[in-house]
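# An overview of the molecular structure
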Amino acid sequence: MAHSHGHGESHGHHHHGTNNKRALKWAFFLIAAYMLVEIAGGITTNSLALLSDAGHMLSDAAALGLSYLALTYGQKSSSQSKTYGYRRFEILAAFINGIALLAIALYIFWESYQRILNPPSVISKGMLIISIIGLMVNIVAAYILMKGDKDENLNVKSAFLHVLGDMLGSVGAIAAALVIMFFNWNLADPIASIIVAILVLISGWRVTKESVHILMEGTPQNVNFKEIKQALLSIPEVKQVHDLHVWSISSDFPALSCHLVADAEDHQQTLLKKANQLLMEQFHIEHTTIQIDLSDTDCTMNHSCE
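What comes next concerns the included structure. Predicted model only: the values in this text are computed from it and were never measured.

## Some thoughts on helix H7 (residues 225–233)
The complete set of buried residues in H7 reads Ile 228, Ala 231 and Leu 232. Along the axis of H7, the buried positions cluster into a sector of 95°, meaning they face one direction only. Exposed side of H7, more than 90 degrees from the buried face: Lys 226 and Gln 230 are the residues found there. For H7, the elements touching its buried residues are strand E2 (238–250), strand E3 (253–262) and helix H8 (268–283). N-capping of H7 is provided by Asn 224, with a side-chain oxygen placed 3.0 Å from the backbone N of Lys 226.

## Details of the side chain of Glu 38
Secondary-structure assignment places Glu 38 in helix H1 (residues 11–45). Of the side chains bearing the opposite charge, Arg 115 lies closest to the buried Glu 38, which forms no salt bridge; the N-O distance is 13 Å. For Glu 38, the side chain forms a polar contact with the main-chain nitrogen of Ala 54, separated by 3.5 Å. If we skip the residues at most four places from it in the chain, Glu 38 touches Leu 50, Asp 53, Ala 54, Met 57 and Ile 130.

## Some remarks on the side chain of Ser 211
Structurally, Ser 211 is set in helix H6 (residues 188–215). Within the local environment of Ser 211, its side chain forms a polar contact with the backbone oxygen of Thr 208, the two atoms lying 3.0 Å apart.

## Points about the environment of Glu 217
Mapped onto the elements of the fold, Glu 217 is located in the loop between H6 and H7. For Glu 217, a relative accessible area of 41% translates into the label partly exposed. Excluding anything up to four places from it in sequence, Glu 217 contacts Arg 88, Val 246, Trp 247 and Ser 248.

## A few points about the pattern of salt bridges
For the coordinates displayed, the defined rule picks out two salt bridges. The partner of Asp 189 in a salt bridge is Arg 115, and the shortest N-O contact between them spans 3.1 Å. You can see Asp 189 sitting in helix H6 and its partner Arg 115 sitting in helix H3 (residues 89–117), a full 74 residues away along the chain. Its relative accessible area of 0% is what places Asp 189 among the buried residues. Lys 274 is the partner of Glu 237 in a salt bridge, and the nearest nitrogen-oxygen pair spans 2.9 Å. Pair noted here: Glu 237 is in the loop between H7 and E2 and Lys 274 is in helix H8, with a separation of 37 residues, a long-range link. Using a relative accessible area of 25% as the deciding quantity, one classes Glu 237 as partly exposed. Judged by its relative accessible area of 35%, Lys 274 is partly exposed.

## Focus: unusual backbone geometry
Residue Asn 46 is not a glycine yet carries a positive backbone phi of 65°. Among the structural elements, Asn 46 can be located in the loop between H1 and helix H2 (48–74).

Parameters and conventions
Residues numbered from 1 in each chain as written. Predicted model: local features only at pLDDT ≥ 70, side-chain atom pairs only at ≥ 80, totals over all residues. Heavy atoms only, no water. Buried < 20%, exposed > 50% of the residue type's maximum accessible area, 1.4 Å probe, protein only. Helix = DSSP H or I, 4+ residues; strand = E, 2+ residues; numbered from the N terminus. Arc of directions from axis to C-beta. Contact = heavy atoms within 4.5 Å. Polar contact = N/O pair within 3.5 Å; in protein donor to acceptor, adjacent residues only side chain to side chain. Lys, Arg positive; Asp, Glu negative; His and termini not counted. Salt bridge = Lys/Arg side-chain N within 4 Å of Asp/Glu carboxyl O.

Encoded structure:
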């Protein structure tokens, strides 16, 4: 019976971490600063579209701040009480972001409903200027986050989704300001707010769903469980695959454990090497725990039967 623990930490991972931190930090300062301008502008012009966009920017700033903290904590080394270190903090931060977005969306819906019943007058010129600058700020923030590892890292992805939704929110506010300016139709303001709320709701649901999936030890979405099993069975020495588990520690750190049943006791180390190489090359899984059982061993003794 042989065990293998494969751990791969590449220099690229550290490089991505540095890029992500830098991107999140600059985007946070940019969004937080303009959020204050948008709150003041929303109150001055009496625009719910601006205030709801500022509310989204507040959740953006919180998301970016939490994500930055998550990456900082995530780099802390493991200890006896936390054997994976603080990598999971990133997922908790993403979960909080998602819940915050859902709450903000529901608040905007309620406020929009009140304004549709009783549309207030809005200072459209000020609203237009502030929302155009807001759109430019969001474009710059989105560009900064694109420099990070947004496709691999759930935190950077959630922050990017926030900013993207915010960008569309600014477009909605610009459109509403133009409608009010040219047609004096104040209902455009709460209607634009509802569009923002829908965008906030969608991105909030996505981020919450993904983070819950990871917290529930779900199989990573970019990994096909059946394909992994078939690939391991395709190794000539492997007769059976038992107790296969694939999960994520954080969004960019998949892990795997399994029992491989082999015929001969010879070449167990070669088999372990083959299995680890296959998992790394085909599925990009570097953190593995593999146990090899001989086919004449009673697999029920180690609870590895399916």
